[in-house]
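If you want the building blocks of each chain, they are given just below.
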Amino acid sequence: MVVGRRRPHHPLAAVLSVCAATALLAACGTALIPGSAGTPAEGGGGSTFDSEVGRIAISADGNQHDNDDWASAPMALAILAHRNLQANLVHFDYNNHIWDSSDEHVENMTESVQEGAERFGFDTSRFFDDTDSAQLDAGTANLVKEINASTDDDQLAIVLAGPIETVWMALDAADPEARKHVECVTHGEDSFNQTHAKTDHDGHDYEDLIDLGCERVEIPDQNSGLGPVDMDFWDFLEDSGDENWEWLYSRMDVVGNGDVSDAGMVFYVITGEEKADRSDVKDYLES
């Protein structure tokens, strides 16, 4: 259940209707439409900030326990780019299991995020690899800045796609008044991401974020609708003839089970749909 204030969202049906309208196609973003190579969204030149959606930050794992993030992270970027919302993504830190990891996991997550950012036209200066101490410091400072910029009319939604610790570091260092205008978006209840840092590494959990003053936004567990599935469902990406969709499929294929569950939180932030499933995402991308 969602608790706390929400900024206005486009209902999913309205989003699909608007994106289907030819006259408004540019406003919805065309980068992921098959055969649309070279569109402004791919090059990053066509994105303008959508104040109705607001600012978005993402903090993701992928470097240790959550290899599904190798697929979820680029899917989240694809979802944003499809509506030309690159400018709305003000922060993305990844590999946020800062305690330990394997080289394979770091390499796969880094490829998914960095190449996804480039392919879908995002400002790569807003992306930070938490396995590098300098980037961890820079990313924390960037997220503090975005938190401190938050007001009642300009909220920040932080999508929690990994352990809580790096977000807690930034929120703890930020202005307490500004924290009230930050939404901490998670899915499920007492899930691994919400509790792992505290239970396994003597760090902090989701409740610690709430104690610092951010707004609780817990949507239903996204694993039921966007979790593992036969890869055949995503064949439309591989068969699209669009090199970015084909690459997105390849990142899902590395994971091998079609799981893009954490991307459901980004889908929620921009559409307001709490219980979206993979068919909703497919319809959205094909609209």
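Just so it is clear, the structure is predicted and the values come from calculations on it, not from any experiment.

J.: Describe the overall build of the protein, listing the residues and the values that go with them.
T.: Summing up its helical and strand segments, the protein has 15 helices and 6 strands in all. When each of the 287 residues of the protein is scored for burial, the buried share is 57%. A separation threshold of at least 6 residues defines the contact pool for the protein, and within that pool the share at least 24 residues apart is 83%. Surface exposure of the protein reaches about 10,800 Å², of which carbon and sulfur atoms provide 47%.

J.: Please provide a residue-by-residue account of the side chain of Glu165, values included.
T.: Tracing the chain through its elements places Glu165 in helix 7 (residues 165-173). One buried charged side chain, Glu165, makes no salt bridge at all; its nearest oppositely charged neighbour is Lys198, positioned 8.8 Å away. With near-sequence residues (within four places) excluded, Glu165 lies in contact with Ile98, Trp99, Ala197, Gly203 and His204.

J.: Explain unusual backbone geometry to me, and be specific about the residues and the numbers.
T.: A positive phi angle, near 60°, is found at Asn84, a position not held by glycine. A relative accessible area of 8% places Asn84 in the buried class. Even without a glycine there, the phi angle at Asp202 is positive, about 55°. Within the secondary structure, Asp202 is located in the loop between helix 9 (192-201) and helix 10 (206-211). Taking relative accessible area as the criterion, Asp202 reaches 74% and is therefore assigned exposed.

J.: Any details on the pattern of salt bridges? Residues and values, ideally.
T.: Counting across every chain of the model gives 13 salt bridges. Among the ionic pairs, Glu111 bridges to Arg251, the shortest N-O distance being 3.4 Å. On the criterion of sequence distance, the pair formed by Glu111 in helix 5 (residues 103-119) and Arg251 in helix 13 (residues 243-255) is long-range, its members being 140 residues apart. Across the pair Glu177 and Lys180 runs a salt bridge, and its minimum N-O distance is 3.0 Å. Members of the salt-bridge network, linked through shared partners, are Arg55, Lys145, Glu146 and Asp154.

J.: How would you summarise a negative patch on the surface if you had to cite specific residues and measurements?
T.: On the surface, a cluster of negative charge is made up of Glu238, Asp239, Glu243, Glu246 and Asp253. By residue number, the principal contributor to the negative patch is helix 13, which donates 3 residues. Of note, Glu246 is situated in helix 13. Taking the relative accessible area as the measure of exposure, Glu246 reaches 33% and is therefore partly exposed.

J.: Could you give an account of the packing of aromatic side chains, with specific residues and numbers?
T.: Using the criterion set out here, one finds 8 aromatic pairs in the structure. Aromatic pair Phe92 and Phe127: ring centres 5.2 Å apart, planes at 15°, arrangement stacked. A residue pair is termed long-range when its members are at least 10 positions apart, and Phe92 in strand 2 (residues 89-94) and Phe127 in strand 3 (residues 127-129) qualify at 35 residues. Here the aromatic residues Phe92, Tyr94, Phe122 and Phe127 are joined through ring pairs into a cluster of three or more. Across from the ring centre of Phe236, 5.0 Å away, lies the NZ or CZ of Lys282, which sits over that ring.

J.: How would you summarise the packing of helix 4 (residues 69-82) against helix 5 if you had to cite specific residues and measurements?
T.: With their axes 9 Å apart at the nearest point, helix 4 and helix 5 run at an angle of 10° to one another. Taken together, the axis directions place helix 4 and helix 5 in an arrangement best described as roughly parallel. On helix 5, the residues touching Asp69, Trp70, Ala73, Pro74 and Leu77 of helix 4 are Glu104, His105, Asn108, Met109, Ser112, Val113, Gly116 and Ala117. Looking at the contact of helix 4 with helix 5, its residues break down into 7 nonpolar, 4 polar and 2 charged.

J.: Would you mind going over empty space enclosed by the protein in detail, with residue names and values included?
T.: This model, assessed by the stated rule, comprises 2 cavities of 30 Å³ or more. Around the largest cavity sit Ile58, Ala60, Asp69, Ser72, Ala73, Ala76, Phe92, Val159, Ala161, Asp262, Ala263 and Val266, which together line it. Broken down by secondary-structure element, the contributors of at least two residues to the lining of the largest cavity are strand 1 (55-60), helix 4, strand 4 (156-161) and helix 14 (263-271). Element by element, the count of residues in the lining of the largest cavity is highest for helix 4, at 4 residues. A per-class count over the lining of the largest cavity returns 9 nonpolar, 1 polar and 2 charged. Of the voids in this model, the second largest cavity is the one considered here, and its volume is about 40 Å³. As for the second largest cavity, its lining consists of His91, Asp93, Asp130, Leu136, Gly139, Thr140, Leu143, Thr166 and Ala170. Counting residues per element, the ones that place at least two in the lining of the second largest cavity are strand 2, helix 6 (133-148) and helix 7. Within the lining of the second largest cavity, the residues separate by chemical class into 3 nonpolar, 4 polar and 2 charged.

What counts, and at which threshold
Residues numbered from 1 in each chain as written. Predicted model: local features only at pLDDT ≥ 70, side-chain atom pairs only at ≥ 80, totals over all residues. Heavy atoms only, no water. Helix = DSSP H or I, 4+ residues; strand = E, 2+ residues; numbered from the N terminus. Buried < 20%, exposed > 50% of the residue type's maximum accessible area, 1.4 Å probe, protein only. Contact = heavy atoms within 4.5 Å. Areas by Shrake-Rupley, 256 points an atom, 1.4 Å probe, with all protein chains shown as cover. Lys, Arg positive; Asp, Glu negative; His and termini not counted. Salt bridge = Lys/Arg side-chain N within 4 Å of Asp/Glu carboxyl O. Patch = residues over 30% accessible without salt bridge, like charges linked within 9 Å, V, L, I, M, F, W, Y side chains within 5 Å. Charge placed at Lys NZ, Arg CZ, Asp CG, Glu CD. Phe/Tyr/Trp six-rings, centres within 6.5 Å; stacked < 30°, edge-to-face > 60°. Lys NZ or Arg CZ within 6 Å of the ring centre and 35° of its normal. Axes fitted to C-alpha atoms, helices over the stretch in contact; angles between N-to-C directions. Parallel < 35°, antiparallel > 145°, perpendicular 65-115°, else oblique. Nonpolar A, V, L, I, M, F, W, Y, C, P; charged D, E, K, R; others polar. 1 Å grid on protein atoms, 1.4 Å probe; cavity = no way out; pocket = protein on both sides within 12 Å on 5 of 7 lines; lining within 4 Å. Points joined across faces, edges and corners; volume = space filled by probe spheres on them.

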